[in-house]
2 protein chains.
Amino acid sequence: MSVVSNTGAPTSDSIAVEPAVTDLPGHTIVLGETEPLELASGQRLGPFTVAYQTYGTLNADKSNAILLCHALTGDQYAAEAHPITGKPGWWDTIIGAGRPIDLDRYFVICINVLGGCMGTAGPKDINPKTGQRFGLDFPIITITDMVAAQKMVIDHLGIDKLFCVTGGSMGAMQVLEWAARYPERVFCAIPIAGAARHSAQNIAFHEVGRQAIMADPNWNGGNYYEQAESPHRGLAVARMAAHITYLSDSALHRKFGRELQDRTDVSYGFDADFQIESYLRHQGSTFVERFDANSYLFITRAMDYFDQAAEHDGVLANAFGDTPVRFCLISFTSDWLFPTAESRQIVHALNAVAASVSFVEIETDAGHDAFLLDEPEFFRILSGFLTGAAELRGLNGDKVAP
Amino acid sequence: MSVVSNTGAPTSDSIAVEPAVTDLPGHTIVLGETEPLELASGQRLGPFTVAYQTYGTLNADKSNAILLCHALTGDQYAAEAHPITGKPGWWDTIIGAGRPIDLDRYFVICINVLGGCMGTAGPKDINPKTGQRFGLDFPIITITDMVAAQKMVIDHLGIDKLFCVTGGSMGAMQVLEWAARYPERVFCAIPIAGAARHSAQNIAFHEVGRQAIMADPNWNGGNYYEQAESPHRGLAVARMAAHITYLSDSALHRKFGRELQDRTDVSYGFDADFQIESYLRHQGSTFVERFDANSYLFITRAMDYFDQAAEHDGVLANAFGDTPVRFCLISFTSDWLFPTAESRQIVHALNAVAASVSFVEIETDAGHDAFLLDEPEFFRILSGFLTGAAELRGLNGDKVAP
C-alpha cells in the first residue's frame, strides 16, 4: 500500500498554478492574483485559474442566476456536448427551454471544482516555481475551498445573490457549504442525494479507489504526466468499484441480471461472460480518457474530509442558524451511497433552526445515479420548487431578453 | 483490462494435478486416480489432491458427521489456529465442546475447495505434463465441481449419510448444491447467508476484484509463481473492495465512524487519516500473506457461475423435488451482499416442493460477516436446530466415545 504525505510547502506565501491545458471551450478566469485564497489546510493559493460554463441569459438585476455544483467526476459541461467524449452534458435533460431549469428564465453557471482536471487548477497543472506538474504537491482541497473559489467567480460576475445553488452527490455537499458559509448570497438551495458528512462506508470505497490508483506502477507517486503511460488501469478499477455504488442492486438486476454478453453459454474462463462485466469494463475504460488520476485522489479526499457538524462544534444545526435560505432536499429510496437518512439528518438540523425546508424522498430503483437520470417525479419536484421560489424572488415568469 | 481465455486443453483425457505445497497440517487424499472427476466445463480432473481437516470423533455407525463448507477466502482450518496467520479458525467460536457444533456429539469435516490454495488442487499447483504451475491453465471450477470433489472425500471416509451440511456465503451455495445433487446423502442442511444464484451486483464486485488483480503487472497473465514479486497490490485492492461488502454501513459507522487514526486532526494528505482507511489497508495487506491471487480469480468465478434455477429449466424448486433433506435457512437483516430476499426465494422454492424448512432472519447490524461473528441469536438457532435434528436422527445426545 502506498502512503504518501502532501508536503508541498510553498517557499513563498502563495502557491501559484499555471494551467497545463488552455484550449477547452468555455470561460476561464484567473483568481487570487492580489488576494490569494486561504485554503482549509492553511496554505494560500494564487494566482490560479478557474474554468466555468454558462447557459441562458443573466437578467438586468442579476437575480436569475442558478449555480450548479457538479459531482466527483462531473465538470462544467452540464448542458452541452462534452468536449472530450462528445456525450451530452450531465444535466442536459434538466437544463433548457421548458425543462426544470428553464433557460428562458434562468441563467446557469457551472464551475469546474478546484482540484479538477477540466480547466480549473488541479494536480495536473504546472507549478511555475519548478516548471513541473504539481502531482501530489498540489495542495489538498476541501469542499469549503471549492465553494470559496466559486464565490470568487460569482463576485467577479457581479452577482450579489444567487437565485439558487443546486447539485447532486458531492454537488449537494457544495450546496450545503454555500448555504452555511454565504447564506446572504443564496436565495434557495437544493441539495440532491447528499450528506452533511461523508460516511465511513463512503470513505472506505474512496480509499479502495485511491489504493487501486496508487497500486498502479504507472502512477509513480503522482508523477506520470511526462510518461508514455498513465495509471489508466488503476483508475479504471477505481471507477468500476465506484460505479457499482452509484447503482442499486435492483437496478443492476433489472438492467443486466445474469444475462450473458454476446454468447449463449458461459465461456468457462475470465472473459466478460456477463453483461454486467462488459458494462463495468466499458465504464472503466471510457472514464480514463477524460479524467486525471491525481484529480480523482484529490477530489475523493475533499469529500472524505467533509463534515459540517464537526466544523460547528459537532452540532449540524449550528451551521445554519438564522438562515434566510429556502431549502429543498431531495433523496432517492434506492440510493445506498447517500441514503435518505443522511438527508433527513440535514432536515432535522434545519428544522432545529426553524429554516424553510421542503424534503422529498423519491421512489426509484435507480440508486444514487437517479439524480442524473430521467426521473419524472424528480423533474416535477425540481421544477415545482424552482417555480415557487422564483415567484417569491420576483422572477415573474417573463422570458429574459436575450 | 486484461481478458484471458482458459485454454488449458489437456493433451490426454484427464488433467492431473501435482500439489505445489505438501507441508500443511491436516489430512490429504488423492482422488480421481482411476475415475477422473468430470467437471462442469466438460474437462476431466485426476489424479488431484484434496486437503481437509476433521474435529471430534466419528461414531460407530458414522451418523454424526457434519460437513462444513467454507466461504470464498476460508479454508479447512475451521476450529484451530491457522497454519499461516496463527489466528483462530473461522468458526472457532461455534465448534467445540458445549458450543453449537458440539464436538462431544458431532464429527466435523471441513474440506479446502477445489481451486483453493490450502492443499486442495488449484491454480498454484503443478501441471505434471509441463512441470510448470497451472496458473490460468487450471480448469475452471464450479460450485458443483467443489461439491463433487467433497462427495469423493465423504465416500472415502465411508460415510453414507452426512448428518448435516452447513456453511455461510459461498459455503451456503455448496450446502444447497449438496442438497440438490445428493439429497439421499444429507440428513439436514443449513445454508447461512446464501443464495441460489449470484446476483448482478455480486458479479460486479467480483469483476472489480479480478480486474484489480489482472491490472497488477506482477500478475503477468497468472504466471507469477517463479517471480520475485506476486500480484499482492492487486489482490490487496480486491480484498479491500470485497471487505466493505462483508460489513454493513451501520456496522462501519458503529466501529469506525469518522474517527481518526493516531492523530487529532486530518493530515491534509493521503495518509490513512481515518480508522476505516487504516483498517482496510490492514485487511488488504494481511490477506495477501495467506491467499493466492489466481485462486481468488477461480473461486470468485465459481460463485458467479452459480445459478441453481438455470440448471433446472429455470425453476429453482426443480432442484429440490421430493427432497428428504430437512432445511434451516438463516439470513441476517443487515446483509446486503446476500440479502434476506435471496434466502426467501429458496424458502419459497422449498415450500413449493413441500420440503421441511425452517427459516430465520436474524436481527443484527453486522452485515454479511455476521455468520463469522459471535451473534448470540444465531448461535441459539444453529444449536437448537441441530439438537432437534440430532434427536430425529437418533443421535441420542450421549457423548461419542473418544
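Predicted, not measured: the structure shown is a model, and the values here were computed from it.

Trainee: Would you take a moment to explain the environment of A:Ala148 for this structure?
Mentor: Relative to the helices and strands, A:Ala148 is located in helix H1 (residues 143-156). Distance from A:Ala148 to A:Asp374, taken between C-alpha atoms, is 31 Å for residues 226 residues apart in sequence.

Trainee: Looking at this structure, I do not really get the nonpolar core. What am I missing?
Mentor: Across soluble globular proteins, you tend to see nonpolar side chains buried next to one another. Core analysis: the largest hydrophobic core is formed by 282 residues, its most contacted members being A:Val108 and B:Val108. If sequence neighbours within four positions are ignored, A:Val108 has contacts with A:Thr54, A:Tyr55, A:Gly56, A:Ile66, A:Leu68, A:Ala79, A:Ile95, A:Ile101 and A:Leu103.

Trainee: Before we go on, may I ask you to explain the relation of the copies chain B and chain A in this structure?
Mentor: The operation linking the two copies of the chain is a rotation about an axis combined with a translation along the axis. Superposition record for chain B on chain A: RMSD 0.0 Å, screw rotation 180 degrees, translation along axis 0.0 Å. When the rotation and shift are considered jointly, the pair of chain copies conforms to a two-fold rotation axis. A share of 100% of interface residues in chain B that are also interface residues in chain A marks the association as one of identical surfaces.

Trainee: I tried to follow the packing of H1(A) against helix H2 (residues 170-181) of chain A on my own but got confused; where do I start?
Mentor: The packing of two helices is summarised by the inter-axis angle and the distance between the axes. All names here are of chain A. H2 packs onto H1 with a crossing angle of 70 degrees between their chain directions and a minimal axis gap of 9 Å. With respect to each other, H1 and H2 are oriented roughly perpendicular. Like other packed secondary-structure pairs, H1 and H2 cross with a definite hand, here right-handed. In this structure, H1 contributes Ile143, Thr144, Met146 and Val147 to the contact, and H2 contributes Met173, Gln174, Glu177, Trp178 and Arg181. Tallied by class, the residues present in the contact of H1 with H2 amount to 5 nonpolar, 2 polar and 2 charged.

Trainee: Would you mind showing me how to read the environment of A:His253 here?
Mentor: All names here are of chain A. Position of His253 among the secondary structure elements: in helix H5 (residues 249-255). By the C-beta count within 10 Å, which is 16 here, His253 ends up partly exposed. Separated by 23 residues in sequence, His253 and Ile276 place their C-alpha atoms 9.3 Å apart.

Trainee: Honestly, the interface of chain B and chain A in this entry has me stumped. Any pointers?
Mentor: Interfaces are frequently sized by the accessible area removed from exposure as the parts join. Contact with chain B, which involves 54 residues of that partner, is made by 54 residues of chain A. Those elements that place two or more of their residues in the side of chain B that touches chain A are helix H3 (200-214), helix H4 (232-246), helix H5 (249-255), helix H6 (275-287) and helix H7 (293-305) of chain B. With 10 residues, the top contributor of residues to the side of chain B that touches chain A is H3(B). Taken together, the residues of the side of chain B that touches chain A break down into 28 nonpolar, 13 polar and 13 charged.

Trainee: Would you mind showing me how to read the sheet that holds strand E5 (residues 65-68) of chain A here?
Mentor: Paired through their backbone hydrogen bonds, the strands of a sheet run either parallel or antiparallel. Residues and elements named next belong to chain A. One open sheet holds the 8 strands; their spatial order is E1-E4-E6-E5-E9-E10-E11-E12, and the pairing between them is mixed. Since the sheet does not close on itself, it has two edges, and those belong to strand E1 (27-31) and strand E12 (356-362), each with one partner. On average, adjacent strands in this sheet sit at an angle of 20 degrees to one another, irrespective of strand direction. Sitting on the sheet, H1 is in contact with E1, strand E4 (48-55), E5, strand E6 (107-111) and strand E9 (162-168), with an inclination near 105 degrees to E1.

Trainee: Explain helix H1 (residues 143-156) of chain B to me, please; I cannot follow it from the model alone.
Mentor: Counting along an α-helix, one turn takes 3.6 residues, and residues three or four places apart therefore face a common direction. Residues and elements named next belong to chain B. Along its 14 residues, H1 runs 20 Å from first to last C-alpha, staying within 8% of the 20 Å computed at 1.5 Å per residue. All of the buried residues along H1 are Ile143, Thr144, Asp145, Met146, Val147, Ala148, Ala149, Gln150 and Ile154. The positive-phi residue at the C-terminal boundary of H1 is Gly158, with phi of around 75 degrees.

Trainee: Looking at this structure, I do not really get the domain arrangement of chain A. What am I missing?
Mentor: Residue and element names in this part refer to chain A. Taken domain by domain, chain A consists of domain 1 (27-198 + 312-393) and domain 2 (202-299). The distance between the C-alpha centroids of domain 1 and domain 2 comes to 26 Å. Taken together, the 26 residues of domain 1 in the interface contact 21 residues of domain 2. Each residue belonging to the side of domain 1 that touches domain 2 can be placed in one class, and the counts come to 12 nonpolar, 10 polar and 4 charged.

Rules and cut-offs
- Residues numbered from 1 in each chain as written.
- Chains lettered and ligands numbered in written order.
- Predicted model: local features only at pLDDT ≥ 70, side-chain atom pairs only at ≥ 80, totals over all residues.
- Helix = DSSP H or I, 4+ residues; strand = E, 2+ residues; numbered from the N terminus.
- Core = buried A, V, L, I, M, F, W, Y, C linked by C-beta atoms within 7 Å.
- Buried ≥ 20, exposed ≤ 12 C-beta atoms within 10 Å, placed from the backbone.
- Contact = placed C-beta atoms within 7 Å.
- Least-squares fit on C-alpha atoms with pLDDT ≥ 70 in both.
- Axes fitted to C-alpha atoms, helices over the stretch in contact; angles between N-to-C directions.
- Parallel < 35°, antiparallel > 145°, perpendicular 65-115°, else oblique.
- Left-handed = near helix turned anticlockwise from the far one by under 90°.
- Nonpolar A, V, L, I, M, F, W, Y, C, P; charged D, E, K, R; others polar.
- Pairing = 2+ DSSP bridges.
- Expected span 1.5 Å × (residues − 1).
- Domains from an automatic or database assignment.

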